[in-house]
Amino acid sequence: MGHSIKKTPKLYALLTGKCPHCRRGEIFTGSIYGFNVQRTNYKCAHCGQRFEIEPGYFYAAMYVSYAMNMVEMISMGFATYYLSNGRLDFDSLWLYVGVIFLGSLFLSPLNYRYSRIILLHLLSPKIKYNANFDKP
Ligand SMILES: [Zn+2]
């Protein structure tokens, strides 16, 4: 019995954008709201797992992104309703449009990142976690 290396929890890897195969390497370059536009790495620098496993693979992430955006817009709509004490008259239309538009703009880097993370971690049967790569 040798000493075992501490394994990376799936939830941690998912939230921090780590590679689904080794849970060590970064899926993205840069930080989510950094000055540089974030990009998806071609492959994992730690284990060599390709992220876009076939051409056009990330189109599937668009559907995840749509779903996230839908939930966010509905939430922002409800939040605006409550924070404006239930205003629903015609004049407050632009308030809703403005909040939802700016909110969606602000959340788009988050949607970009998490739609791809969800696709790679939860919706890609071809990519499996391999504990043998989950070490420094
Ligand atoms: Zn990896």
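For the structure itself, consult the block above.
Residues numbered from 1 in each chain as written. Predicted model: local features only at pLDDT ≥ 70, side-chain atom pairs only at ≥ 80, totals over all residues.

In this section: the overall build of the chain. When helices and strands are counted, the chain shows three helices and zero strands. The N-to-C order of helical and strand elements in the chain reads α-α-α. Computed over its C-alpha atoms, the radius of gyration of the chain comes to 19 Å, more than 25% above the 14 Å expected for a compact globule of 136 residues. Long-range pairs, those at least 24 residues apart, make up 59% of the contacts in the chain with a sequence separation of at least 6. (Helix = DSSP H or I, 4+ residues; strand = E, 2+ residues; numbered from the N terminus. Rg over C-alpha atoms; globule rule 2.2 N^0.38 Å. Contact = placed C-beta atoms within 7 Å.)

A separate point is helix α2 (residues 59-83). Helix length check: α2, at 25 residues, gives a terminal C-alpha distance of 36 Å against a target of 36 Å (1.5 Å per residue), a fit within 8%. Looking one or two residues beyond α2, the residue adopting positive phi is N85, at roughly 55°. (Expected span 1.5 Å × (residues − 1).)

As a rule of thumb, soluble globular proteins bury nonpolar side chains together. Of all hydrophobic cores here, the largest spans 10 residues; its members are C19, C22, I27, C44, F51, A61, Y114, I117, L119 and L120. In terms of residue count, helix α3 (residues 93-122) provides more of this core than any other element does, four residues in total. Leave out the neighbours within four places in its chain, and A61 touches S115, R116 and L119. (Core = buried A, V, L, I, M, F, W, Y, C linked by C-beta atoms within 7 Å. Buried ≥ 20, exposed ≤ 12 C-beta atoms within 10 Å, placed from the backbone.)

Summarising the element assignment, P9 is placed in the segment before α1 (10-16). Assessed through the 10 C-beta atoms surrounding it within 10 Å, P9 is described here as exposed. Separated by 14 residues in sequence, P9 and R23 place their C-alpha atoms 8.1 Å apart.

With that settled, the discussion passes to the environment of T40. For T40, the location among the structural elements is in the loop between α1 and α2. Here T40 falls in the partly exposed class, since 17 other C-beta atoms lie within 10 Å of it. A sequence separation of 73 residues divides T40 from R113, and the C-alpha atoms of the two residues are 8.6 Å apart. Excluding residues that lie within four positions of it along the chain, T40 makes contacts with I27, F28, F51 and R116.

Before going further, it helps to examine the packing of α2 against α3. Axis separation between α2 and α3 bottoms out at 8 Å; the angle between their running directions is 145°. α3 is crossed by α2, and the crossing has right-handed handedness. (Axes fitted to C-alpha atoms, helices over the stretch in contact; angles between N-to-C directions. Left-handed = near helix turned anticlockwise from the far one by under 90°.)

With that settled, consider the environment of F106. Within the fold, F106 resides in helix α3. F106 sits in the exposed class, given 11 other C-beta atoms within 10 Å. Put simply, F106 and T40 are 66 residues apart on the chain and 19 Å apart in space, counted from C-alpha to C-alpha.

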